[in-house]
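A closer look at the structure
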Amino acid sequence: MPAAPALVVVRSHQNIGADTLSDWFFKRGRREGIDWMALDSKLDSSFSEFWSRCKDLWDAGSSFFARFKLTGWRRLLNEGASEAFSLTVGGMFVLYALALPAFLDFDEGRFLTGKYSVKFLDAAGNEIGQRGILHNDAVPLEEIPDAVIKATLATEDRRFFEHFGIDVLGTARALVENLRANYVVQGGSSLSQQLAKNLFLSSERSLDRKIKEAFLALLLETRFTKREILKLYLDRAYLGGGAFGVEAASQFYFGKSVREVNLAEAALLAGLYKAPTTYAPHVNLPASRARTNVVLDNLVEAGFYTPAQVLEARLHPAQIVETRATTSPDWFLDYAFEEVQRLAEGKNQYVLTARTTIDLTMQKQADEAMITFLKQKGRGLRINSGALVALETDGAVRALVGGPDYGESQFNRATHARRQPGSSFKIYVYAAALENGYTPTTVVRDSSRSCGRWHPQNYGGSHGSGARMPLWMALAKSLNTVAAELSFAVGREKVIEMTQRLGITGIRKSCSMALGDYGIPPIEHAGGVATFANGGKDARPYAILDLVNSRGELVYSRERDEPEPAQLVSTKVAEGMMQMMQKVVTDGTAQRAALDFTNVVGKTGTSSGPKDVWFVGATGKYVGVVWLGNDDNRPMAHGNTGGQLAAPLWQSFMSVAHRDMNIPTLPGLQPHPVQVAEQQRIAQLKLTNPAAAAAELGASKPQSLTMTEPAREAVKRITSALRKAAGVAEPPPAPPTPGEPPGDGPPRGNRAESPSHRTFASEASGRDARAAPAVP
């Protein structure tokens, strides 16, 4: 009972608090003067007044526009015009959006073909071939024969001088003819549209491209006159055979300037615009003759000629000339052209003359050696392909054979085929060992640890006898066990780093890496051996000595632009490798490569199968690599090795490639007795007849890799001819500097070496198969 009074007290306090709060709220609201009822009334009246005004405006507008109300045919016409205008505006926005990327790409600098046209010379300045496009725009429109222009217009765009860039009537006519024939028989693109496509667009068949083509044609018409557009078209159209423009095509097909072509020849050229690879006379002569007759018919239909005038051209069709020299060093030119593109990249120079390192005599000897071997022994040994590379010890490529027949296959096996090097790869493993404390006399055992489930085997199947021997003997015997153990002991990462340093790409870490289980191109292999023969200095293969543009300006000079060769491996390592590789020839698997007049170093290689046989070797003057195999990676006759096949082929080539006995001595070796006798003879001749000695030494030297006077004169003649063709005046001769005889050039510095050509994208079929135990 005592708790009840307390409860009453609590409730009393709660009621007092609520009354007080309520009184405070209403009193505070009254003191601040907020009249909520008045505010609500104001808002209601404002919205009502606004809505009334909107209805009044709508009624007024409806009354006003009711005066213009259309009915009947007037309304239909108005609706149609409105819809057409809307669709037109929307369509223009869509077309502009599609054409905007092409407008952004419009650049008169792209009027250049962007492709290279290169004339190649040997070191003495004699022309040896061409690569790239054939392009010449030096003939003005006024000098291009009337027959060429009329044949072009009659076939490609008869209303060219009448339309504004898009031939609406011609397009409609072509559409009707194509629908009637149920396939494409006529093109609807104007000459301006074709030029726009040639300059800025691809050849894909799409609506997007046609829209861009139309806009660009209109843009060309606003920027250039009709005559300028016609001249650009005649100079930029591709006409087959690598020729761009009527002048280059005339030179390619007829061996003369376009100024001299007759009606039959003009009709043949005009027939090439449609499909140059289909109608090119050197590809398909009957199709070319048929297409030429179509062009002659067009000339008559267009009213440019009468049937009697074209009859002579029908009876006496154009005769083409053979442009490819039968003795052209094509494999070398392909490799040199790749190097030119790399050297000239970004220089905006496309018409070039390149002086190269090739020795045409050695090239012929290399071709004959490979062809003779394949003809005499290829079928019996089941070998149908091969490659041969010959370098100077500084990397200058003197001869290159990329396959058995360039006419049948242009794939360059010497530069692009990645084939397993087999045991010839061991030289890089041994070089890494020499860099990490080993010497040629270090004692090693004929055994090796396992790598996972793989255990190396020697040729014959044994896992090693356990015998102890010096390092050079293990290389001479080509023991797989020792090579594998060296790669494990030194570290396979260091072997890979060694190959990368020497310019050999594509080697990856694997258990059998030391046995050459990853393919490498022969030319990269040659560069690696050349580095050792060059005393450890960089000897990446190169083919270009200098480049001159069409104005006679020196774009690139190896002597001027390349740095001094880097010391990639120490002289001590290079000498050790030469000593051990000599033992391979004198006491090991490569005895068939020995030459009786000079020292030879080398290494044989055979992949599993066998699918590839190799010999990589060097003298004091040349480095050579021979690879033999099959393009489809089929095995050759069982039991053959690099020492039995590739080494004798190398020896037969090198025995004729050395034209004198004045051969330098390889690093780390003693001079060969023949070289000692030769040096003594020359020394004696210098005492008795200095003039005869100087003449003999000059004759015995290989082609100079610095520009000789005949080469300078040849380049000057070519430059002068190019200037005359382009209508450029000859520059005045520069005055001689004080104290310098007139006509002398700047003093020649020391030669510098360039990096090798490292890009070898293509690979032969069956590349990079993992190796089973390699054989010597």
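Each value, and the rule that gives it
- Residues numbered from 1 in each chain as written.
- Predicted model: local features only at pLDDT ≥ 70, side-chain atom pairs only at ≥ 80, totals over all residues.
- Heavy atoms only, no water.
- Axes fitted to C-alpha atoms, helices over the stretch in contact; angles between N-to-C directions.
- Helix = DSSP H or I, 4+ residues; strand = E, 2+ residues; numbered from the N terminus.
- Parallel < 35°, antiparallel > 145°, perpendicular 65-115°, else oblique.
- Left-handed = near helix turned anticlockwise from the far one by under 90°.
- Contact = heavy atoms within 4.5 Å.
- Nonpolar A, V, L, I, M, F, W, Y, C, P; charged D, E, K, R; others polar.
- Buried < 20%, exposed > 50% of the residue type's maximum accessible area, 1.4 Å probe, protein only.
- Polar contact = N/O pair within 3.5 Å; in protein donor to acceptor, adjacent residues only side chain to side chain.
- pLDDT = per-residue confidence, 0-100.
- Phe/Tyr/Trp six-rings, centres within 6.5 Å; stacked < 30°, edge-to-face > 60°.
- Lys NZ or Arg CZ within 6 Å of the ring centre and 35° of its normal.

**Quick word on the packing of helix 15 (residues 360–381) against helix 24 (residues 646–657)**
In contact at an axis separation of 10 Å, helix 15 and helix 24 are set at 150 degrees when each is read in the N-to-C sense. Taken together, the axes of helix 15 and helix 24 lie roughly antiparallel to each other. Relative to helix 24, helix 15 is oriented so that their crossing is right-handed. Across the interface between the two elements, Met 362, Gln 365, Ala 366, Ala 369, Met 370 and Phe 373 of helix 15 pack against Leu 649, Phe 653, Val 656 and Ala 657 of helix 24. Across the contact of helix 15 with helix 24, the residue classes break down as nine nonpolar, one polar and no charged.

**Some remarks on helix 17 (residues 426–435)**
Along helix 17, nine of the ten residues are buried, which leaves the element largely enclosed by surrounding structure. Of all the residues in helix 17, the buried ones are Lys 426, Ile 427, Tyr 428, Val 429, Tyr 430, Ala 431, Ala 432, Ala 433 and Leu 434. Remark: Gly 437 follows helix 17 within two positions and exhibits a positive phi of approximately 100 degrees.

**A word on the side chain of Ser 607**
Mapped onto the secondary structure, Ser 607 falls in the loop between strand 12 (601–606) and strand 13 (612–618). By relative accessible area, Ser 607 is classed as buried at 2%. A distance of 3.5 Å separates a polar side-chain atom of Ser 607 from the backbone nitrogen of Lys 611. Filtering out sequence-adjacent residues up to four positions away, Ser 607 remains in contact with Gln 420, Gly 422 and Asp 612.

**Some remarks on the confidence of the model for the chain**
The share of residues in the chain with pLDDT of 70 or more is 78%, and the mean pLDDT across the chain is 82. When the criterion is pLDDT under 50, residues 1–21 qualifies, and its contacts beyond four places in sequence or with other chains add up to zero contacts. Per-residue pLDDT stays below 50 along residues 725–729; that stretch engages in four contacts with residues further than four places along the chain or on separate chains.

**With respect to the packing of aromatic side chains**
In total, this model carries nine aromatic pairs according to the counting rule given. Aromatic side chains Tyr 233 and Tyr 273 sit 5.2 Å apart centroid to centroid with 35 degrees between the ring planes, which places their arrangement in the tilted category. Note that Tyr 233 is positioned in helix 8 (residues 226–236) and Tyr 273 in the loop between helix 10 (263–270) and helix 11 (276–279), a separation of 40 residues in sequence. Here Tyr 233 and Tyr 273 have matching classes, each one buried. Judged by centre distance (6.5 Å) and plane angle (35 degrees), the ring pair of Tyr 428 and Phe 532 falls under tilted. With Tyr 428 in helix 17 and Phe 532 in helix 21 (residues 522–533), the pair connects residues that are 104 residues apart, well separated along the chain. When sorted by exposure, Tyr 428 lands in the same class as Phe 532, which is buried. One aromatic cluster in this structure is built from Phe 252, Tyr 253 and Phe 254. If you follow Arg 558 out to its NZ or CZ, it ends over the ring of Tyr 542, 3.4 Å from the centre. Sitting over the ring of Trp 472, Lys 583 keeps its end group 4.9 Å from the ring centre.

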